[in-house]
Amino acid sequence: MTRNVCEEILETLIDAGVTQIFGVTGDALNPLVDAIRRDGRLRWIGVRHEETAAYAATAYSQITGKLGVCAGTVGPGAMHLLNGLYNAHKEGASVLAITGQVPRADAGTGFFQEVNLTQVFSEVCVFQQTITSPEQMPR
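About the criteria used
- Residues numbered from 1 in each chain as written.
- Predicted model: local features only at pLDDT ≥ 70, side-chain atom pairs only at ≥ 80, totals over all residues.
- Heavy atoms only, no water.
- Helix = DSSP H or I, 4+ residues; strand = E, 2+ residues; numbered from the N terminus.
- Polar contact = N/O pair within 3.5 Å; in protein donor to acceptor, adjacent residues only side chain to side chain.
- Contact = heavy atoms within 4.5 Å.
- Buried < 20%, exposed > 50% of the residue type's maximum accessible area, 1.4 Å probe, protein only.
- Salt bridge = Lys/Arg side-chain N within 4 Å of Asp/Glu carboxyl O.
- Arc of directions from axis to C-beta.
- Pairing = 2+ DSSP bridges.
- Axes fitted to C-alpha atoms, helices over the stretch in contact; angles between N-to-C directions.

Draft legend 1. Up close: the side chain of Thr 58. Looking at the element boundaries, Thr 58 is found in helix H3 (residues 50–64). Of note is the side chain of Thr 58, whose polar atom sits 3.4 Å from the backbone oxygen of Gly 84. Once you skip the residues sitting within four places of it in the chain, Thr 58 turns out to touch Gly 84, Asn 87, Ala 88, Ala 93 and Val 95.

Draft legend 2. Region of interest: the side chain of Glu 8. Inspection of the secondary structure assignment puts Glu 8 in helix H1 (residues 5–15). For Glu 8, a relative accessible area of 13% translates into the label buried. Residues in contact with Glu 8, not counting those within four places in the same chain, are Arg 3, Met 137 and Pro 138.

Draft legend 3. Quick peek at the environment of Leu 42. Relative to the assigned elements, Leu 42 resides in the loop between helix H2 (30–39) and strand S2 (43–46). Between the alpha carbons of Leu 42 and Val 18 there is a distance of 7.5 Å; along the sequence they are 24 residues apart. In this structure, Leu 42 is in contact with Leu 10, Leu 13, Ile 14, Val 18, Thr 19, Gln 20, Ile 21 and Ile 36, ignoring residues within four places of it in sequence.

Draft legend 4. Structural context of the pattern of salt bridges. Applying the stated rule across the entire model yields five salt bridges. For Arg 38, the salt bridge is made with Glu 7, and the minimal N-O distance between the two is 2.8 Å. Of this pair, Arg 38 sits in helix H2 while Glu 7 sits in helix H1, placing them 31 residues apart in sequence. A salt bridge links Asp 34 to Arg 38; its shortest N-O distance comes to 2.9 Å. Pair noted here: Asp 34 and Arg 38 are both in helix H2, with a separation of four residues, about one helical turn. Among the residues examined, Asp 34 registers a relative accessible area of 28% and is labelled partly exposed.

Draft legend 5. Spotlight on helix H5 (residues 82–91). Those residues of H5 not exposed but buried are Leu 82, Gly 84, Leu 85 and Ala 88. When H5 is viewed along its axis, its buried side chains cluster within an angular range of 160° and face the same direction. With its phi angle positive at about 75°, Gly 92 sits one or two positions after the end of H5.

Draft legend 6. Fine view of the sheet that holds strand S4 (residues 95–99). If you trace the four strands from one edge of the open sheet to the other, you get S2-S1-S3-S4, paired in parallel fashion. In this open sheet, the two strands that pair with only one neighbour each are S2 and S4. Across the sheet, the axes of successive neighbouring strands diverge by a mean angle of 25°, strand direction being ignored. Relative to S4, strand S3 (residues 68–72) is paired through five bridges, and the arrangement is parallel. Its bridge partner being in S4, Cys 70 is matched across the sheet by Ala 97.

Structure representation (structure tokens):
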């Protein structure tokens, strides 16, 4: 049986030593949170605001020396990660942000809550990649 994209992401994170993800459940992140629930090897730490998730991932990285992971969903949810990610960038903390995005067919149409995340995150990311098809996984 083949794994879906979220299951591939989890496997990659587990291989990198990740044990927990800080985030807010909803919208485009629901498949990821469900994959975490079904897999059982990672801990989802639900927070009340995405900014808190990014700051928590930053603190986790600084305290443990490990990769901190945070997640924010489409548009405003992803945007709320920025303050914590700027802090991680300035402090040299290793943080991975996972975001959702509008459906691929709706990208570029002014779809509700669509944000050009590549542009928005360009100042705080050492590397960023948008996954648009299962064939991109697990690379």
